[in-house]
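What the coordinates show
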Amino acid sequence: MNQLGSVLFMLSALAAFTRPSTGSLINADIANWATVTGASCFSVAGLLQLYERPSQPPGRTPGVVSGRGNIIGQAAQHQPAVGDAFRPR
């Protein structure tokens, strides 16, 4: 949808080109139609993306980010804190 919207906006720009000799547009109707249709394509693509969800690998729970930016959950891995190398085990 986004690709089609981009092509229609390009068509609109080409149709809206003003001839230097006459000062008139090449075709105002095509320019207006392509602009509206291209904008509609972008709107539809945006609405379709609202319902897309990234896929999760099987058996993995998405991590939850805590207020400190730490990841909590199955997908999290232990990240050593500053000074861990000097703490006795």
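Residues numbered from 1 in each chain as written. Predicted model: local features only at pLDDT ≥ 70, side-chain atom pairs only at ≥ 80, totals over all residues. Heavy atoms only, no water.

**So, the packing of helix α1 (residues 2-15) against helix α2 (residues 28-50)**
Taken N-terminus to C-terminus, the directions of α1 and α2 make an angle of 160 degrees; their axes are 8 Å apart at the nearest point. Between α1 and α2, the angle falls in the class roughly antiparallel. For the pair α1 and α2, the crossing hand works out as left-handed. Two secondary-structure elements touch here, α1 through Asn2, Leu4, Gly5, Ser6, Leu8, Phe9, Leu11, Ser12 and Ala15 and α2 through Ile30, Ala31, Trp33, Ala34, Thr35, Thr37, Gly38, Ala39, Cys41, Phe42, Ala45 and Gln49. Across the contact of α1 with α2, the residue classes break down as 13 nonpolar, eight polar and no charged. (Axes fitted to C-alpha atoms, helices over the stretch in contact; angles between N-to-C directions. Helix = DSSP H or I, 4+ residues; strand = E, 2+ residues; numbered from the N terminus. Parallel < 35°, antiparallel > 145°, perpendicular 65-115°, else oblique. Left-handed = near helix turned anticlockwise from the far one by under 90°. Contact = heavy atoms within 4.5 Å. Nonpolar A, V, L, I, M, F, W, Y, C, P; charged D, E, K, R; others polar.)

**Some thoughts on the packing of aromatic side chains**
Within the structure shown, the criterion is met by one aromatic pair. Measuring from ring centre to ring centre gives 5.4 Å for Phe9 and Phe42, while their planes differ by 20 degrees; the resulting arrangement is stacked. With Phe9 in helix α1 and Phe42 in helix α2, this residue pair connects regions lying 33 residues apart in the sequence. Judged by its relative accessible area of 32%, Phe9 falls in the partly exposed class. For Phe42, a relative accessible area of 31% corresponds to the partly exposed category. (Phe/Tyr/Trp six-rings, centres within 6.5 Å; stacked < 30°, edge-to-face > 60°. Buried < 20%, exposed > 50% of the residue type's maximum accessible area, 1.4 Å probe, protein only.)

This is a description of form; function is not addressed.
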